[in-house]
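# Overview (structure and organization)
One letter stands for each residue in the lines below.
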Amino acid sequence: MYDVVIIGAGVIGGMLARELSRYQLSVCLLEKENDVACGASKANSGIIHGGYDPEPDTLKAKLNREGVPLLYAAADELSVPYRRNGSFVCAFGAEEEKTLQKLYARGLANGIEQLSLISGDEARALEPALSPDITLVLNVPTAGIICPYQLTVAAIGNAMDNGAELLREFAVTAIDADQNGVTVTAADGRQVRGRFAVNCAGGYSDRIAALCGDGDFAILPRAGEYMLLDKTEGSRVDHTIFCVPTKEGKGILVSPTADGNLLVGPTAALVESPEVADTTDEGLAVVKRLAARSVPSVDFRQVITSFAGVRSSEKGGDFILRAGSKAGILHIAAIDSPGLTSCVAIAQMGVDMLREMGLETEDNPTFDPHRADPHAFRDMTDEQQAAYIRKNPAFGKIVCRCETVSEGEILQAITQNPPAVDVDGVKRRTRSGMGRCQGGFCGPYVMKLIAEQHKIPLEAVTKKGKGSEMVLGRLEDV
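The structure displayed is predicted, hence computed values, not measured ones. Per-chain numbering applies: the sequence of each chain, read as written, is numbered from 1 onward. Given that this is a predicted model, residues contribute local features only at a pLDDT of at least 70 and side-chain atom pairs are listed and counted only at 80 or more, while totals for whole chains, interfaces and linings are drawn from all residues. Working from all heavy atoms in the structure, the side-chain values ignore hydrogens and water.

### Section: the nonpolar core
As a rule of thumb, nonpolar side chains are buried together in soluble globular proteins. Convention followed: Among buried residues, the Ala, Val, Leu, Ile, Met, Phe, Trp, Tyr and Cys ones that are joined through side-chain atoms within 4.5 Å form a nonpolar core. The classification of residues rests on relative accessible area computed with a 1.4 Å probe and restricted to protein chains. Under 20% of the type maximum is buried, over 50% is exposed, and intermediate values are partly exposed. In what follows, residue pairs with any heavy atoms lying within 4.5 Å of each other are defined as contacts.
Of all hydrophobic cores here, the largest spans 56 residues; its most connected members are Ile-6, Met-15, Leu-16, Leu-20, Leu-151, Leu-321 and Ile-332. Aside from chain neighbours lying at most four places away, what touches Leu-20 is Val-4, Ile-6, Leu-25, Val-27, Val-351, Leu-354 and Leu-359. Counting 23 residues, the second largest nonpolar core, distinct from the first, contains Val-237, Val-287, Val-295 and Phe-300.

Here it is, written out as structure tokens:
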């Protein structure tokens, strides 16, 4: 019997687990995939939004405003890369300028500080690559960029370091709640019991709610397609460049990433289910056309990969945080943009709501909010690296040449909380395979290290779980 069971190991579930680990509580995190950050948390823009977009007096407006400083503070504690690069929202002509004026007024109503409207010429003085057709810009200095999957891994790792547990491949098929607690059953028959259960299942949160008897909301999965460009394009712009938003979303952006690449996208198309995360020729053509409208000089010959993420919208347009109809159930659902920005504020609100539902919290005297930087080696001086390699020889062997990732860092990723069990898991933790060759050089060696550390045959190593095995067997056998 755990105190709290959390369904979904994305950034919201991970941050909630971390906040709960501040107290003397037993916490269990359930994930249907074989790793954390496998849903929207691995495939989004990574933008820390300034807070001008949400409608006033909504949860989105409140938690966005509160969430920005909380997220920056958590990223510092967790050694997650981010940049306070600010954002520009760009208008082309008089009609879009009217929308920009409304966004400026909305931002002021939401209590967002430092907002300003600047002319197109003033904006181009700061960002020379901007289109000459941009006439007015909303300047949002508090905005930033962060690595969403590293944030999720770090939050869950920190929660585990402080006592939380993680169960993978736990696809929930039944939830039973009574006065004695909540029983959560997986497809393979495993059961977990908790005094409280929190639904943080992202695109599947409506399905989990229905298992609890709360089928009164429906998630509208909206896919966004992206293109990622090589680091040669990473300095094309410094700010995150937005178009004027529409009812479908914040539009196509052009932004540096926290790791030095350039990201363009996303589209916003309704799809049948969260599983539909495919890129399309039509969608990527839209990304290229609208990105070039804002920043004409983007060199799309430098695209190294494209991908799609599915955000979890709901027709009401706001976040859902509410108790279920049965005792002990809390739903945290429809967390689309600005969900990443708001993740710490959402987690803290979730803890407060659990207290209102009867959860007793007593401070954990051993709680440590900090997590060591897994990439500290690359920032050392030559002398420091040499001394470190003498003690840890694996750090002297570079496995991923594109991203300069050492064997030592990969071994850490495979063994530290939450341990990577597949190739994509190593990729999210170390960036091995995220460079120009996309794992063509380092992939086989990463597979070898995974097989050795987890004591499994090479044929059992997967890219991202069952069904994605990387090799069939030895050539002489196959």
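### Structural notes on helix H10 (residues 407–415)
Threshold: Only DSSP runs of H or I covering at least 4 residues are called helices, and only runs of E covering at least 2 are called strands; the numbering of each starts at the N terminus.
Where H10 is concerned, the buried positions are Glu-407, Gly-408, Glu-409, Ile-410, Ala-413 and Ile-414. For H10, the elements touching its buried residues are strand E21 (398–400), strand E22 (405–406), helix H11 (423–430) and helix H12 (443–454).

### Points about the pairing of strand E11 (residues 181–186)
For clarity, the threshold we go by: We call two strands paired when DSSP finds no fewer than two bridges between them.
Burial runs high along E11: 6 of the 6 residues are buried. Judged by which residues are buried, E11 turns out to be covered on both faces: Gly-181, Thr-183 and Thr-185 on one side and Val-182, Val-184 and Ala-186 on the other are all buried. Adjacent in sequence and paired antiparallel, strand E10 (residues 172–178) and E11 are bridged by 2 residues. Bridging between E11 and strand E12 (residues 191–199) involves 4 bridges; their strand directions are antiparallel.

### Things to note about the side chain of Thr-240
Rule in force here: A 3.5 Å cut-off defines polar contacts: any pair of N or O atoms within that distance qualifies, except that in protein one atom must be a possible hydrogen donor and the other a possible acceptor, and neighbouring residues in sequence count only when both atoms are side-chain atoms.
For Thr-240, the position within the fold is in strand E14 (residues 240–243). In this structure the side chain of Thr-240 is engaged in a polar contact, spanning 2.8 Å, whose partner is the side chain of Ser-255. Those residues in contact with Thr-240 that sit more than four places away from it in its chain are Ile-47, Asn-85, Gly-86, Ser-87, Phe-88, Ile-145, Val-254 and Ser-255.

### Describing the environment of Ser-235
Structurally, the position occupied by Ser-235 is in the loop between strand E13 (219–229) and E14. Here Ser-235 falls in the exposed class, since its relative accessible area comes to 65%. Sequence separation of Ser-235 and Ser-255 is 20 residues, and the distance between their C-alpha atoms is 9.3 Å.

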